[in-house]
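Report on the structure
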Amino acid sequence: MLFNPEMECLPRPQLRALQNKRLKEQVQYVYQRVPFYQQKLDRLGINPATFRGLEELPKLGFTKKADFRDTYPFGLFAVPQTEVARLHCSSGTTGKATVVGYTAEDLQTFAELVARSLAAAGCRPGMKVQNAYGYGLFTGGLGIHYGAEKLGLTVIPVSGGSTDRQLQLLQDFRPEIICATPSYAQVLAEEIQRRNIPLEALNLRYAVLGAEPWSEAIRSQVQQGLRVQATNIYGLSEIMGPGVSQEDVDERGTGSYIWEDHFYPEVVDKDTGEPVAEGEAGVLVLTTLTKRAMPILRYWTGDITHLTYEHSEKRTHVKMGPIRGRADDMLIIRGVNFFPTQVEDIISSLDHVSPYYQVVASRRGSLDEVEVHVEIEEALMRQLGLDALSDEVVQQHECLQHLRGMFAKKIKDTIGLSMKVTLLGFGQLPRSEGGKLSRVKDLRNL
Ligand code: ADP
């Protein structure tokens, strides 16, 4: 279902014209209202009155997370505080939280784009949604909440965590939809199995997962474990919050639509900042086209993805690939660059390992080392009659040694690095407590 068919299907020439017009207005607007941008444009010699729009956009340089920190808390706001209807913060995964603000009109747009996203995910007016994203300063909870109301869903605002209660509500209120981080959806799926809750006791059909990188391996686990169709929702506080892009339930695995009438996307080389060719991976850079309280020009998201403008039957908007990680999640080990999510891809190609893993980078002397901890499947644990795993236990089982060897070889063949593989028993790695889960530990103090 399309929530806003006119905008979601706007022919590309018209969409581009609309973006161009909105961008010119946005540039003039920030120039008049935000000293940070006024000084920046003056420095770059750009006159907003003669700015030519999209074709000149790359001249504007980038806005980075550090700019939010330098102007903390309200330096990037374009309206007086009396016109700010709500404040949020980024979750602070990569340092001090940044503050963002919305006018009443921005909140309307936010709700509409989340409504569009939920409709694309399969949700229909009249359904119930259990919203397990954290409520509070984090944009996830309230962002989904108002979008869901706008679409006409019944919202169960349970927030993240409290697994017992989540499971109770899933059985008592029987929502069709769950919104959560993928790592928390994994926890729910696992607990349902552990507690022998029959899937018939639930009424779930769709899961809308985002706020952190996830893989096809996690998608399979959640889809089977909760008996749902799971789609990706992407967003970030600096630009809006959840609902910047969304995967369509019928087009799973082909990328997430970026709502281009409100955000202009570019992908650039992470070292040079130059645009890359369509389909090539680089850093996603987003420009807001309609924001009032806090318009942002060319925000360096740090998220690595690619864009595809391939024609789709359903919508005209561009799709972005899954986020492989943040540019700053990339590990450089003995000269080889890799994203921990590449390990996840390998996991999904192996039998008998669970989708739970952790990548630990450390330094011995002057040499960097990487160790991958991965859990084996519960079924294999049971088959071997094991409660936990250790190196000694692995030594005693040929099949485990074989599994470990095969995993290490695949890593070496695919990523080009030798990594120590440690097999763990199911349940030995940390689980999400309701929010984002970090699967990387860098102990090198670089
Ligand atoms: P923080 O940057 O402190 O985590 P946010 O809560 O604003 O604060 O999180 C936004 C970031 O979360 C994005 O820049 C991205 O790295 C990550 N993220 C959000 N949604 C997704 C998704 N669907 N897939 C991968 N990463 C995501």
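Refer to the structure above for everything that follows.
As the structure is a computational prediction, the values presented were derived from the model and not from experiment.

1. Observations concerning the side chain of Glu190
For Glu190, the location among the structural elements is in helix α8 (residues 182-194). Residue classification places Glu190 among the buried residues on the basis of a relative accessible area of 13%. Reaching out from Glu190, the side chain makes a polar contact with the side chain of Tyr356 at a distance of 2.5 Å. If we skip the residues at most four places from it in the chain, Glu190 touches Gln221, Tyr356, Phe426 and Arg431.

2. Some details on the nonpolar core
Ranked by size, the top nonpolar core spans 70 residues in total, and within it Leu118, Leu153 and Ile177 carry the most contacts. The element contributing the most residues to this core is helix α5 (residues 104-120), with 7 residues. Those residues in contact with Leu118 that sit more than four places away from it in its chain are Cys123, Ile144, Gly147, Ala148, Leu151, Leu153, Cys179 and Val208. One finds Leu331, Val374, Leu380 and Phe407 within the second-largest nonpolar core, a separate group that totals 30 residues.

3. A closer look at the pairing of strand β7 (residues 229-236)
Taking burial as the measure, the 8 residues of β7 include 6 buried ones, the bulk of the element. In this structure, strand β6 (residues 206-210) lies alongside β7, joined through 5 bridges in parallel fashion. Note on β7: the bridge partner recorded for Tyr206 is Gln229. In the classification by handedness, the crossover that spans β6, the intervening helix α9 (residues 216-226) and the parallel β7 is right-handed. Where β7 and strand β8 (residues 241-247) come together, 4 bridges link them in antiparallel fashion. Following the sheet pairing, Leu236 is matched in β8 by Gly241. As consecutive antiparallel partners, β7 and β8 are separated by 4 residues.

4. Quick look at unusual backbone geometry
Cis rather than trans, the peptide bond between Tyr72 and Pro73 has omega equal to -5°. With respect to the element layout, Pro73 can be found in the loop between α4 (65-70) and β1 (86-89). One non-glycine residue, Asn196, lies in positive phi territory at about 55°. Positionally, Asn196 belongs in the loop between α8 and β6. With a relative accessible area of 67%, Asn196 lands in the exposed category.

5. Let's talk about helix α3 (residues 35-44)
When we look at burial in α3, the residues that qualify are Phe36, Tyr37, Lys40 and Leu41. Within α3, the buried residues cover an arc of 120° as seen down the axis, which keeps them to one side. With respect to the buried face of α3, the exposed residues turned more than 90 degrees away are Gln39 and Arg43. The inward-facing, buried residues of α3 abut α2 (12-33) and α4. Of the residues flanking the end of α3, it is Gly45, one or two places downstream, whose phi is positive at about 70°.

6. Focus: the pattern of salt bridges
What the rule picks out here adds up to 30 salt bridges. Here Arg227 makes a salt bridge to Glu200, at a shortest N to O gap of 3.6 Å. Of this pair, Arg227 sits in the loop between α9 and β7 while Glu200 sits in the loop between α8 and β6; the two residues are 27 residues apart in sequence, bridging distant segments of the chain. Among the ionic pairs, Lys409 bridges to Asp413, the shortest N-O distance being 2.8 Å. Of this pair, Lys409 and Asp413 are both found in helix α13 (residues 398-415), 4 residues apart, which corresponds to roughly one turn of the helix.

The rules behind these values
- Residues numbered from 1 in each chain as written.
- Predicted model: local features only at pLDDT ≥ 70, side-chain atom pairs only at ≥ 80, totals over all residues.
- Heavy atoms only, no water.
- Helix = DSSP H or I, 4+ residues; strand = E, 2+ residues; numbered from the N terminus.
- Buried < 20%, exposed > 50% of the residue type's maximum accessible area, 1.4 Å probe, protein only.
- Polar contact = N/O pair within 3.5 Å; in protein donor to acceptor, adjacent residues only side chain to side chain.
- Contact = heavy atoms within 4.5 Å.
- Core = buried A, V, L, I, M, F, W, Y, C linked by side-chain atoms within 4.5 Å.
- Pairing = 2+ DSSP bridges.
- Right-handed = clockwise from strand over helix to strand, strands pointing away.
- Arc of directions from axis to C-beta.
- Salt bridge = Lys/Arg side-chain N within 4 Å of Asp/Glu carboxyl O.

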